[in-house]
Each structure stands twice: as C-alpha cells, then as structure tokens.
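# Inside the fold
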Amino acid sequence: SQVSFEEESQNPPTVGHWKPLMPSKGDKEEPESGCQDAGGVHEPQSTEQLNVSRLRSSSVEIREKGSEFLRDELHKAQTELKLKDKECERLSKVREQLEQELEELTASLFEEAHKMVREANTKQAAAEKQLREARGKIDMLQAEVTALKTLVITSTPSSPNRELHPQLQSPSKAGFRKGHGRNKSTSSAMVSAASQNVALEPVSRECKEVDSILFAEFQAWKESPTLDKSCSFLDRIYREDVGPCLDFTKQELSELVRVAVEQNTLTIEPVASQIVPVGKVAAEECGGPKKCALSGLPRTCKHRIMLGDSGSYYYISPSCRARITAACNFFTYIRYIQQGLVRHDVELMYWEVMRLRREMSLAKLGFYPSEM
C-alpha cells in the first residue's frame, strides 16, 4: 500500500479526481502566479478608470465654466436690453414732445398767417381810404388854386375886389348874397400871400425891427413847415395869439370853434342869406339874432357859423366874427406856405405873419372894422 501511494503521488491527477484540501508548495505557487496575473490585468483597468474620472471632472468643470460664462453673457444682454428699453422710452418721449411742439408751431404759424392777412386787409382798407381822402384834398386844392389865381388877377391888397370878398361888403349888400365860403380863400391877406409878384401890404408911418428870436423860430419852421403845435414857432403863436383870440365866454363852444378853425371846417354865413323853405325844419340854431352864442351877451348878430357838417348854426356878434376871421386868416396863410403857394422872401413872409398876429391881438382887444 505504501508503494501504490507513492505511484499515485507521482502521476498527475486526472480530471474528475479530488484535489487535496491542503495545497502543497507547488500548489501555493500557482495561486501567487495567478495573483500576479490578475494584478497585471487590473492595473490598466484602474488607469482607464482614472482617466475616465479625470475626463468626467474636466467636463464638469468645463460645463460649470460654460454655464457661468453664459450666465454672464445673459446678464450683460439683459443689462443692455434694459438700457435699450430706457433709450427707446426716452426717444419715444422726445418724439411725442417734438410732435406736440410741431403741432403748436403749426397752429401758431396758421394764427400768425391769419393775423398777417387781417392786418394786410386793414392796411389796404386804410390805404384806400387815405387815397380817396388824398384825391379829395387834391381836388379841393386845385379848386383853391383856381380861385386864388382868379383873386390874384382881379384883386390886390391895396384895392381888394369887394365882389369877391363878401366880408368887405356892407351888411345891406351882404344880405343878398347866398353865403360865402370858408375864410381860407376869401381874406385879402390870403390873396396877397398866394400871389408871387404882388407885394405885401406896406405898413405906413411906422418903424419895424425884426425880433431875432421870433425870426429864428420862423426860419426853423420855414425849413420844414408843419401844422403841428409842438414846434416852437406855432407853440408860441398858439399860446400868445390863437388861444386868447379864440377864448370866448362859452368855453365848450369855444373849444369846438378852435378845433374847427384848426381843421379848416368852419363856415361863416350872413344871417339874411339863409331862407328856410316852407315845410322843412331848419337846423338847430343856438343864440339868436339878438344874442351872441359865444359871448352870451345881447348883441346884434349879423352872421352865424356852422362847425363842419353838423348842421347846427350859432349866431355870433361882429366882434366874435372879427376874432374868428383873424384866426382863420392866420391859419390859411400858414397853410399856403406849407403847400408852397407863397414864393416871397423869408423876411416878407415873416412880416406878413406878424401882421396877422397883430390882427388877432387887436380883434381880441375888441378892435374890428366897421364893415363887420
């Protein structure tokens, strides 16, 4: 039996036979070799796993960085979008403001255009009115010049034509004439002023000396003649002569007479020249043949005046008529100078003005011709 055991131990075990539970030394080496083989197989596997884990960690890091970058970009985009929204809102407000300003400007332009049209129409109407008035004045001046030429031919200051000067006629003859025109073209002083070659009425037996101040004022006025009261020449005459001469007891009527004389719209008519037709109502008459409307005193009134085209007549005494006539003669003469109808030397015109001023002063003091 011991021999057989040795034989069996020398022969390798066949498949299907039991292996010993306790391995031998040879058997112990096999597992070690097997373990070595197993360790060689697991080593590349761990490297791969490490590489995979590294890739995974790097991808996670990349993903996180990408997410952070995208968040930053999104934040920037949102910020820019908010700024653009604010800019759009600001531009919208600017557009609305510009549209409102444009509407207001358009409305103001239309209003200004309508205003200009209205002003143009008003100016055109005023210009047409002035043109009509100017044409009327031209016609009136032409008629005055024609009448003036007739007076110059038929009358002189030394021997005036009484047929052409109703105020120089006697009261009995004047009563049969149908009134006379305004004093602007009937005074003998005006006749001498308008004629170019007829000398002024000389003042006999008296000495004359030119006052330097008055002559300087007249020369200054003669350079640019005007009817404005503001110039020193007329201002002095208004204060010293015209005002006192036309200052009557009835102040309100005196003021109306003064304005009518200045505007050349006053008419003097003999009382007997007006005959009221039967069946017609006469115009309003103030005063009466026995009471002066300007002084309020009981006087025989041979003339009456009408202010403009009012249709109201006022009876005046001879003294009041002389004062009004003297003022009318002065204004008529300076109008002729202004219109260029007087061609005399400056000194001669100055002395004629002084003579007319003296007539106003005398009339104010109560001196008047008996023909009045």
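Parameters and conventions
- The residue count restarts for each chain, going from 1 along the sequence in the order it is written.
- Local features in this predicted model are restricted to residues whose pLDDT is 70 or higher, and side-chain atom pairs enter the listing and the counts only when it is 80 or higher, whereas totals over whole chains, interfaces and linings include all residues.
- Side-chain measures here rest on the full set of heavy atoms in the structure, leaving out hydrogens and waters.
- When a carboxyl oxygen of Asp or Glu is within 4 Å of a side-chain nitrogen of Lys or Arg, the pair counts as a salt bridge.
- Here a strand is any run of E in DSSP of at least two residues, a helix any run of H or I of at least four, and the numbering for each starts at the N terminus.
- Using a 1.4 Å probe on the protein chains alone, a residue whose accessible area is under 20% of its type maximum counts as buried, one over 50% counts as exposed, and one in between counts as partly exposed.
- Buried Ala, Val, Leu, Ile, Met, Phe, Trp, Tyr and Cys residues that are joined via side-chain atoms within 4.5 Å together make up what is termed a nonpolar core.
- A contact between two residues is defined here by any heavy atoms of the two lying within 4.5 Å.
- At least two bridges found by DSSP between two strands are what make those strands a pair.
- The span expected for a helix works out to 1.5 Å for each residue beyond the first.
- Residues with no salt bridge and a relative accessible area higher than 30% make up the patches, which join like charges within 9 Å and nonpolar side chains (Val, Leu, Ile, Met, Phe, Trp, Tyr) within 5 Å.
- Residue-level accessible areas treat just the shown protein chains as cover; the underlying method is Shrake-Rupley with a 1.4 Å probe.

## Details of the pattern of salt bridges
Going through the model one piece at a time under the given rule, you end up with 13 salt bridges. A salt bridge links Arg90 to Glu87, with the shortest nitrogen-to-oxygen separation between them at 2.5 Å. Residue Arg90 and its partner Glu87 are both found in helix α2 (residues 25–154); the two are separated by three residues, about one turn of the helix. A salt bridge links Lys93 to Glu89; the shortest N-O distance between them is 3.9 Å. Of the two residues, Lys93 and Glu89 both sit in helix α2, four residues apart, roughly one turn of that helix. Judged by relative accessible area, Glu89 falls into the partly exposed class, the value being 45%.

## Here we look at the nonpolar core
Residues Val257, Val261, Leu266, Leu294, Ile305, Ile324 and Phe330 are the most contacted members of the largest nonpolar core, which totals 49 residues. Those elements that provide at least two residues to this core are α5 (212–223), α6 (232–245), α7 (251–263), β1 (266–270), β3 (303–307), β4 (313–316), α8 (318–338) and α9 (346–365). In this view, Phe330 contacts Leu234, Ile237, Val242, Val353, Leu356 and Met360; residues no more than four positions away in its chain are not counted.

## A look at the pairing of β1
Within β1, five of the five residues are buried, leaving the element largely enclosed by the surrounding structure. By the alternation rule, side chains of β1 split into Leu266, Ile268 and Pro270 and Thr267 and Glu269, which are all buried. With five bridges joining them, β1 and β3 adopt antiparallel strand pairing. Bridged to Leu266 within β3 is Leu307.

## Quick notes on α7
The terminal C-alpha atoms of α7, which comprises 13 residues, lie 18 Å apart, in line with the 18 Å expected from a rise of 1.5 Å per residue. Of the residues one or two after α7, Asn264 is the one with positive phi, at around 60°.

## Observations concerning the environment of Asp309
With respect to the element layout, Asp309 can be found in the loop between β3 and β4. Residue class for Asp309 comes out exposed when judged on its relative accessible area of 74%. Along the backbone, Asp309 and Thr267 are 42 residues apart, and their C-alpha atoms lie at a distance of 9.4 Å.

## Concerning a nonpolar patch on the surface
Side chains of Leu362, Leu365 and Phe367 sit close together on the surface and give an oily, nonpolar patch of about 330 Å² of accessible area. Among the secondary structure elements, Phe367 is positioned in the segment after α9. On the basis of relative accessible area, Phe367 is assigned to the exposed category, the value being 55%.

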